[in-house]
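# Breakdown of the fold
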Amino acid sequence: MKLILLIALASIIALADCFAADQSICNPGTEISYFPNGAVRSCLLRDFYPIDGITCNHLERITFHGNGKLQSCVSSDEVLVGNVPCARYGWISFYPSGRLERCTLRVVTEIEGKQCNEQEEVSFLENGKLLSCSSPPGTMPF
């Protein structure tokens, strides 16, 4: 029974490593940093790279969390994360859990009753609550 559990655990770990990025996504000749298991921690992308519902822009830096999930990149497309409209060519970052940490807003957006300005960064706590954003000109700061 213990042997079966050990084999199952090893299989799960091996499967998790399959989802980690390798250096083939990186622009040759540029600096690449790695996690101890050999997965890419960060690099400049060679091509557009789709991950976790985001397409990261080519020739921009991408970073990963130790669990293989996207930490940050420049989004090549407009993307809606939950109800947050993030801008094309804006930085976007996530917590290890996959929840949105921050992004550049595409349009003026009301979040938790507060007006947040377009083309400005909006930040969230890991529980999804608004941490900060800039108010549009002519509105009262919160």
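All of the points below concern the structure found in this document. Here the structure is a predicted model, which is why all the values come from computation and not from measurement. (Residues numbered from 1 in each chain as written. Predicted model: local features only at pLDDT ≥ 70, side-chain atom pairs only at ≥ 80, totals over all residues. Heavy atoms only, no water.)

## Section: the overall build of the protein
Looking only at helices and strands, the protein has 1 helix and 14 strands in total. Sorting the 142 residues of the protein into buried and exposed places 36% on the buried side. For the protein, long-range pairs separated by at least 24 residues make up 16% of all intrachain contacts whose partners lie at least 6 apart in sequence. Accessible surface for the protein amounts to roughly 8600 Å². Of this, 57% is attributable to carbon and sulfur atoms. (Helix = DSSP H or I, 4+ residues; strand = E, 2+ residues; numbered from the N terminus. Buried < 20%, exposed > 50% of the residue type's maximum accessible area, 1.4 Å probe, protein only. Contact = heavy atoms within 4.5 Å. Areas by Shrake-Rupley, 256 points an atom, 1.4 Å probe, with all protein chains shown as cover.)

## Description of the layout of surface pockets
Over the atoms a probe the size of a water molecule is rolled, and this reveals where empty space is left. Estimates place the volume of the largest pocket at around 170 Å³. Lining the largest pocket, in full, are V81, G82, N83, V84, R99, L100, E112, F124, L125 and G128. (1 Å grid on protein atoms, 1.4 Å probe; cavity = no way out; pocket = protein on both sides within 12 Å on 5 of 7 lines; lining within 4 Å. Points joined across faces, edges and corners; volume = space filled by probe spheres on them.)

## What about the state of the cysteines?
Here the structure, examined in full by the defined rule, presents 4 disulfides. There is a disulfide in this structure between C26 and C43, and the S-S distance comes to 2.2 Å. Taking the torsion about the sulfur-sulfur bond, which here is approximately -85 degrees, the covalent link between C26 and C43 counts as left-handed. Here C26, found in the loop between α1 (2-18) and β1 (33-34), pairs with C43, found in strand β2 (residues 40-44); they are 17 residues apart in sequence, far enough to count as distant. Each member of the pair C26 and C43 is classed as buried. (Disulfide = S-S within 2.5 Å.)

## With respect to the sheet that holds β1
Hydrogen bonds along the backbone pair up the strands of a sheet, which may run parallel or antiparallel. Ordered in space as β1-β2-β5-β6-β9-β10-β13-β14, the 8 strands form an open sheet in which the pairing is antiparallel. Edge positions in the open sheet fall to β1 and β14 (130-132), since each of these has one partner strand only. (Pairing = 2+ DSSP bridges.)

## Notes on unusual backbone geometry
Glycine aside, the phi torsion of most residues is negative, and most peptide linkages are trans. Residue L59 is not a glycine yet carries a positive backbone phi of 65 degrees. As for its position among the elements, L59 is in the loop between β4 (54-56) and β5 (61-64). Unlike most non-glycine residues, Y89 shows phi in positive territory, near 65 degrees. Residue placement: Y89 occurs in the loop between β8 (84-86) and β9 (91-94).

## As for the side chain of S76
Looking at the secondary structure, you find S76 in the loop between β6 (70-74) and β7 (79-81). What makes S76 buried here is its relative accessible area of 3%. A distance of 3.5 Å separates a polar atom in the side chain of S76 from a polar atom in the side chain of D77. The residues touching S76, leaving out its near neighbours within four places in the chain, are F48, T55, C56, N57, R88 and Y89. (Polar contact = N/O pair within 3.5 Å; in protein donor to acceptor, adjacent residues only side chain to side chain.)

## Considering the pattern of salt bridges
Enumeration over the complete set of coordinates arrives at 3 salt bridges. One salt bridge in this structure joins R106 and E78, with 3.6 Å as the shortest N-O distance. You can see R106 sitting in the loop between β10 (100-104) and β11 (109-111) and its partner E78 sitting in the loop between β6 and β7, a full 28 residues away along the chain. On the basis of relative accessibility, which here comes to 30%, the residue R106 falls in the partly exposed class. Where R102 meets E101, a salt bridge forms, and the shortest distance between an N and an O atom there is 3.9 Å. R102 gets classed as partly exposed once you look at its relative accessible area, which sits at 30%. Exposure remark for E101: the relative accessible area of 19% places this residue in the buried category. (Salt bridge = Lys/Arg side-chain N within 4 Å of Asp/Glu carboxyl O.)

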